[in-house]
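Single-letter residue listing:
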Amino acid sequence: HAAQKVNGSTTEFGRRRVHPSIMEEIGYEDCDYISHEIDASWWQSRFYNWTIPIELHVPCRDPLQHLMSQCNYMNFRFNCSSGKFKEQVLRC
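All figures in this text were calculated on a predicted structure; none of them were measured in a lab.

Would you mind going over the pattern of salt bridges with me for this structure?
If the charged atoms of two oppositely charged side chains come close together, the side chains can form a pair. According to the stated counting rule, one finds 1 salt bridge in the structure shown. Ionic pairing is found between Arg 46 and Glu 24, a salt bridge with its closest N-O pair at 2.7 Å. Note that Arg 46 is positioned in helix 2 (residues 40-47) and Glu 24 in helix 1 (residues 20-26), a separation of 22 residues in sequence. Classification of Arg 46 by relative accessible area gives partly exposed; the value is 27%.

Put into structure tokens, the structure is as follows:
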């Protein structure tokens, strides 16, 4: 599996992982399933005016695990010894 260079990026893309610019060019009309972990505005901007129904599958997670996962994704680190949990959650 060789690296595919798209728009100067050397990240590995191919049939298993298609570059976002190629996905946008091809479109999603013929897709049976779309898996994309991204901000909700992405979904709304692409599918709001579709004439065919779509289903959004949202995973159920423990709220604390979900919070920690989202903060980790944004590279936010909690200081558990500070005692200022609310402030840290709001910053995350």
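Past the structure itself, the notes keep going.
Would you explain the packing of aromatic side chains in this entry?
Geometrically, a pair of aromatic rings is defined through the distance of the ring centres and the angle of the planes. If you walk through the whole model with that rule in mind, you get 7 aromatic pairs. When the ring of Trp 43 is compared with that of Phe 47, the centres are 5.7 Å apart and the planes differ by 35°; the resulting orientation is tilted. One end of the pair, Trp 43, and the other, Phe 47, are both in helix 2, 4 residues apart, so they sit about a helical turn from each other. When its relative accessible area of 7% is taken as the criterion, Phe 47 is described as buried. Their ring planes at 85° and their centres at 5.1 Å tell us that Phe 76 and Phe 78 sit as a pair that is edge-to-face. Overall, the relative accessible area of 18% leaves Phe 76 in the buried class. Each residue in the set Tyr 28, Trp 42, Trp 43, Phe 47 and Trp 50 is aromatic and connected to the rest through ring pairs, giving one cluster.

What is the right way to look at the side chain of Gln 88 in this model?
Among the secondary structure elements, Gln 88 is positioned in helix 4 (residues 85-91). Residue Gln 88 is classed as buried on the basis of its relative accessible area of 3%. A distance of 2.9 Å separates the side chain of Gln 88 from the side chain of Ser 82, its partner in a polar contact. Excluding its chain neighbours within four sequence positions, the residues that come into contact with Gln 88 are Phe 76, Arg 77, Phe 78, Asn 79 and Ser 82.

Each value, and the rule that gives it
- Residues numbered from 1 in each chain as written.
- Predicted model: local features only at pLDDT ≥ 70, side-chain atom pairs only at ≥ 80, totals over all residues.
- Heavy atoms only, no water.
- Salt bridge = Lys/Arg side-chain N within 4 Å of Asp/Glu carboxyl O.
- Helix = DSSP H or I, 4+ residues; strand = E, 2+ residues; numbered from the N terminus.
- Buried < 20%, exposed > 50% of the residue type's maximum accessible area, 1.4 Å probe, protein only.
- Phe/Tyr/Trp six-rings, centres within 6.5 Å; stacked < 30°, edge-to-face > 60°.
- Polar contact = N/O pair within 3.5 Å; in protein donor to acceptor, adjacent residues only side chain to side chain.
- Contact = heavy atoms within 4.5 Å.

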